[in-house]
Amino acid sequence: MEMSFPEIHLPVVEPSQDFPAGESWPFGATYVESEKAFNFALFSRYATDVTLVFYRKEDVVTPTFTFKLRHPAHKTGNIWHCRIPVAALNGATLYAYRIDGPRDPKKGHRFDPEKILLDPYAPEVFFPASFSRLACERPGPTDGVAPLGYLLMPRQARASGDISTLRHTHDLIIYELHVKGFTANPNSGVGTAKCGTFAGLVEKIPYLKDLGITVVELLPVHQFDPQEGNYWGYMTLNFFSPHQQYAAGDAFDEFRSMVQAFHAAGIEVWLDVVYNHTSEGNEDGPTYSLRGIDNKSYYLLTRGEEQFYLNDTGCGNTVRTGHAAGRALVLESLRFWARKMGVDGFRFDLASIFSRSSTGAISSGDSPMIMEISYLGRLLDVRLVAEAWDIGSYQLGRAFPGLDWMQWNGKFRDDLRGFVKSDKGLVAAAMQRLYGSDDLFPDKVYETYRPRQSINFITAHDGFCLHDLVAYNEKHNESNGHKNTDGSDYNLSWNCGHEGDVEAPPDVLALRLRQAKNFCVLLLLAQGTPMIVAGDEFLNTQRGNNNPYNQDNATTWLDWDRLQQNHEFFRFFKLMIAFRKVHPSIARHTYWREDVSWYGTSGPVDTGQKSHWFAYCLRGASVGDDDLYVMVNAHWEDRMFTVQEGNPQDWSCVVDTALDSPNDFSETDRPLSGPKYLVTARSVVVLKSIAKSKT
């Protein structure tokens, strides 16, 4: 929403006109009501000439007013700042910068006064009708083709105040989804005008509540470059505004309303945030903002050859978060989204980038950037989640400097995928992942992690979805335009005997369904925090594409017809979520320790290379819960298990993934007839004690 200015017919104020210095904080354009003026503040250490340019929407080529900031009057430290009355802007509602300085790419400087530059703290981005990424990549002026910032009333004037956060405990169930892809398909059941929007998500809240979700983790919603071709949104242009293309109306108001609706339903909202790189790409990319404002301060450059960017993100550049300018940008953005937008948690893409020093060196100890985010997280009462790796480092577990952060556990994904498809020698690894990955998150007296810090997942947006994990041996990314060379070749997938869905025989389809149920059970029985990818609960497919980052079409839009087609699997998934939530014994504050015993088929557990089976008993008395007995057979042959605790009549069979629906999950007691139970090849059986049964 724009600020409304009265019609003012004044001559354009000459650049020589003097205006007060204003304040060097906060960064961006801040409206000062008492003075009817805007305060502007911008970090640029190496700039020698900074000019503000202002436009009306009807003419984004010819400024209504320009103002050249003067040194030293308008500079404090490395911050340029001034205060300009609204009356001087001649009705302008848009603004940008022209900045000059050293023009020496070999020394890291890429100043170009012909470029129109977006304020990195702009509260909202305006895209001219002639906006062109390609034009911004080329030499020469970018008037009329570059993104601009809006001059807005204070956020407080548009909002009803801060939004409080939510906090779930043992019932935490994360659901990763793409804002557009979740409801873009016409069969989503969402009104046409709201398909693919924040408002569209609100209409799906009853579905998410019914499934049992307590957290929605949204793929990037910061305004990204709409012409870059990254459907996932990992090419951020501005860190302070919701992506306009995800809104049916005003993006700011619609996002806040969405968060409030989720909170009213008891669902937390987390954001996948990308502070490690920007949409400006490598040295051949467009000049939108940071590159032209102060390239050397905002980006990490290769040593000795500073015309090139350190590319530890794989996306062309790496933000210099070890520098004060980069840190301020990240911290202020987090504060804005937590306080003004009500976000409950942040998942940091390639978070190990934050352990880089200001020179790009990897820190093996404490990281100032991570410590500052940690402190801010405490103040704001938000959750912090790390993807603890990047191209240059792998810091999963205790190697990551954020001691109280949660982390995506890629080892859980890999070990469980390999185990379920019957790879050799993975029994011990599977047991450790179910136990909570205490090898990665130890609870020693001098180094105490919590099992909840491990975010367990089988699938994520990046890689095969659950259906494709059991339906394809190879990636099929031809439609991405890279001749199937993109995307990981290390998928640990198995097609169950037939590649893809076309003409797949019934026995293969049945085995796939069983394998999908096995993954579901093991994920939801594991100690830690489970994460599910949207659509996996009804076996949505991306037809073998494991890297659909540029597929804004039916490949990535959820096919809601599959909810009805696979309603029996959806029932199973939903009941497994409910089972986990009603049994706090599974997701404890500390590890299971003496409350768990591990077994084999009829004696001690076999962790040898040829073993593919194990069992365990999780006793729940210490937390006022039922006992659970789980038997897992990842072998291609049936195995007879002996239940090695209690009497047969003490146990009821709740889950047997080898059985057809509705017997695969029994909602009534189904007592054992004896101490032995035949666990079918590639299946999981879950028993619970009858005497203390609560469900």
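Basis of the calculations
Residues numbered from 1 in each chain as written. Predicted model: local features only at pLDDT ≥ 70, side-chain atom pairs only at ≥ 80, totals over all residues. Heavy atoms only, no water. Helix = DSSP H or I, 4+ residues; strand = E, 2+ residues; numbered from the N terminus. Rg over C-alpha atoms; globule rule 2.2 N^0.38 Å. Buried < 20%, exposed > 50% of the residue type's maximum accessible area, 1.4 Å probe, protein only. Contact = heavy atoms within 4.5 Å. Lys, Arg positive; Asp, Glu negative; His and termini not counted. Charge placed at Lys NZ, Arg CZ, Asp CG, Glu CD. Pairing = 2+ DSSP bridges. Axes fitted to C-alpha atoms, helices over the stretch in contact; angles between N-to-C directions. Parallel < 35°, antiparallel > 145°, perpendicular 65-115°, else oblique. Left-handed = near helix turned anticlockwise from the far one by under 90°. Salt bridge = Lys/Arg side-chain N within 4 Å of Asp/Glu carboxyl O. Core = buried A, V, L, I, M, F, W, Y, C linked by side-chain atoms within 4.5 Å. pLDDT = per-residue confidence, 0-100. Phe/Tyr/Trp six-rings, centres within 6.5 Å; stacked < 30°, edge-to-face > 60°.

When you look at the overall build of the protein in this model, what are you seeing that I'm missing?
In terms of helices and strands, the protein carries 15 helices and 26 strands. What you see for the protein is a C-alpha radius of gyration of 28 Å, in line with the 26 Å of a compact globule of 695 residues. C-alpha atoms of the protein, sized along the principal axes, occupy 95 × 50 × 50 Å. The 695 residues of the protein split such that 62% are buried. Within the protein, contacts between residues at least 6 apart in sequence are counted, and of these 72% link residues at least 24 apart. Taking the average location of the 68 positive side-chain charges in the protein and that of its 85 negative ones, the two points are 3 Å from each other.

Explain the pairing of strand S21 (residues 613-618) to me, please; I cannot follow it from the model alone.
Within a regular strand, side chains alternate between the sheet's two faces. Of all six residues in S21, six are buried; the element is thus mostly enclosed. Covered by surrounding structure in S21 are Trp 613, Ala 615 and Cys 617 together with Phe 614, Tyr 616 and Leu 618, the residues of both alternating faces. In this structure, strand S20 (residues 596-599) lies alongside S21, joined through four bridges in antiparallel fashion. Across the sheet, Trp 598 pairs through a bridge with Tyr 616, a residue of S21. Sheet topology note: the S21/strand S22 (residues 628-633) ladder contains six bridges and is antiparallel. Bridge pairing in S22 links Phe 614 to Val 632.

I keep staring at the sheet that holds strand S11 (residues 215-218) and nothing clicks. Help me out?
Picture the strands of a sheet paired through backbone hydrogen bonds; they go either parallel or antiparallel. Strand order around the closed barrel formed by eight strands is S10-S11-S12-S13-S14-S15-S18-S19, with parallel pairing between neighbours. Between one strand axis and the next, the sheet turns through 25° on average, direction left out of account. Sheet analysis places strand S14 (residues 383-386) next to strand S15 (residues 406-408), joined by two bridges and oriented parallel. Opposite Ala 386, over in S15, you have Gln 407 as the bridge partner.

Sorry if this is basic, but what is going on with the environment of Asn 90 here?
Turning to its location among the elements, Asn 90 is positioned in the loop between strand S6 (79-85) and strand S7 (94-100). Separated by 27 residues in sequence, Asn 90 and Pro 63 place their C-alpha atoms 9.6 Å apart.

Would you explain the sheet that holds S6 in this entry?
Taken together, four strands build an open sheet; the order of strands is S1-S2-S6-S5 and the sheet is antiparallel. Single-partner strands in this sheet number two, and they are strand S1 (28-32) and strand S5 (75-76). In this structure, S1 lies alongside strand S2 (residues 37-43), joined through five bridges in antiparallel fashion. Of the residues in S2, the one forming a bridge with Thr 30 is Asn 39.

Is there a simple way to explain the packing of helix H8 (residues 324-339) against helix H9 (residues 368-380) in this structure?
Two quantities define a packed helix pair, namely the angle between the axes and the distance from one axis to the other. Two numbers describe how H8 lies on H9: the axes approach to 11 Å, and their chain directions differ by 20°. Put simply, H8 runs roughly parallel to H9. The two elements H8 and H9 cross, and the hand of that crossing is right-handed. Contacts between H8 and H9 involve Arg 327, Val 330, Leu 331, Leu 334, Arg 335, Ala 338 and Arg 339 from the former and Met 369, Glu 372, Ile 373, Leu 376 and Leu 380 from the latter.

What should I look at first to understand the pattern of salt bridges in this one?
A pair can form between side chains of opposite charge whenever their charged atoms are brought close. Considering all chains together, one arrives at 37 salt bridges under this definition. We note a salt bridge from Asp 349 to Arg 347, for which the minimum N-O separation is 3.4 Å. Residue Asp 349 shares its accessibility class with Arg 347, and that shared class is buried. Asp 664 is the partner of Arg 571 in a salt bridge, and the nearest nitrogen-oxygen pair spans 3.4 Å. With Arg 571 in helix H15 (residues 567-582) and Asp 664 in the loop between strand S24 (651-656) and strand S25 (676-679), this pair connects stretches of sequence that are 93 residues apart. Taken together, the salt bridges that share partners define one network made up of Asp 272, Arg 347, Asp 349 and Glu 387.

How do you make sense of the nonpolar core when you look at a structure like this?
A general trend in soluble globular proteins is that nonpolar side chains are found buried together. With 194 residues, the main nonpolar core has Phe 40, Ile 84, Leu 218, Phe 255 and Phe 348 as its most contacted residues. Sort the elements by how many residues they give to this core and helix H13 (residues 506-525) lands first, with ten residues.

Help me understand the environment of Asp 650 in this model?
Tracing the sequence through the fold places Asp 650 in the loop between strand S23 (639-642) and S24. In this view, Asp 650 contacts Lys 688, Ser 689 and Ile 690; residues no more than four positions away in its chain are not counted.

Help me understand the confidence of the model for the protein in this model?
Low-confidence regions, as indicated by low pLDDT, have predicted coordinates that should not be scrutinised in detail. When pLDDT is averaged along the protein, the result is 94; 95% of the residues meet or exceed 70. Across residues 1-16, where pLDDT falls below 50, the model places 39 contacts with residues more than four positions away in sequence or in other chains. Taken together, the stretch residues 156-160 has pLDDT below 50 and engages in eleven contacts with residues farther than four places along the chain or on a different chain.

How should the packing of aromatic side chains be read in this particular structure?
Remark: the centre distance and the inter-plane angle together describe each pair of aromatic rings, the angle taken between the planes. A full pass over the atoms with the stated rule returns 50 aromatic pairs. Pairing Trp 389 with Tyr 394 gives two aromatic rings, centres 5.6 Å apart and planes at 20°, and the pair type is stacked. Looking at Trp 389, the relative accessible area reads 15%, which means it is buried. Under the relative-accessibility criterion, Tyr 394 is labelled exposed at 52%. On the numbers, 6.3 Å between centres and 25° between planes, the contact of Phe 464 with Tyr 472 is stacked. Residue Phe 464 is classed as buried on the basis of its relative accessible area, which comes to 0%.

Any chance you could explain unusual backbone geometry here in plain terms?
What you tend to see is this: most non-glycine residues have negative phi, and most peptide bonds are trans. Cis geometry is found at the peptide bond from His 71 to Pro 72, where omega equals 10°. Cis peptide bonds are those with omega within 30 degrees of zero, and the linkage from Ser 661 to Pro 662 qualifies with 10°. Summarising the element assignment, Pro 662 is placed in the loop between S24 and S25. In this structure, Asn 484 is a non-glycine residue whose phi angle is positive, near 65°.

Can you walk me through the side chain of Arg 514 in this structure?
Tracing the backbone through its elements, the reader meets Arg 514 in helix H13. Buried charged residue Arg 514 carries no salt bridge. Nearest counter-charge: Asp 638, at 6.3 Å. Ignoring sequence-local partners within four residues, the contact set of Arg 514 consists of Thr 657, Ala 658, Thr 680, Ala 681, Arg 682 and Ser 683.

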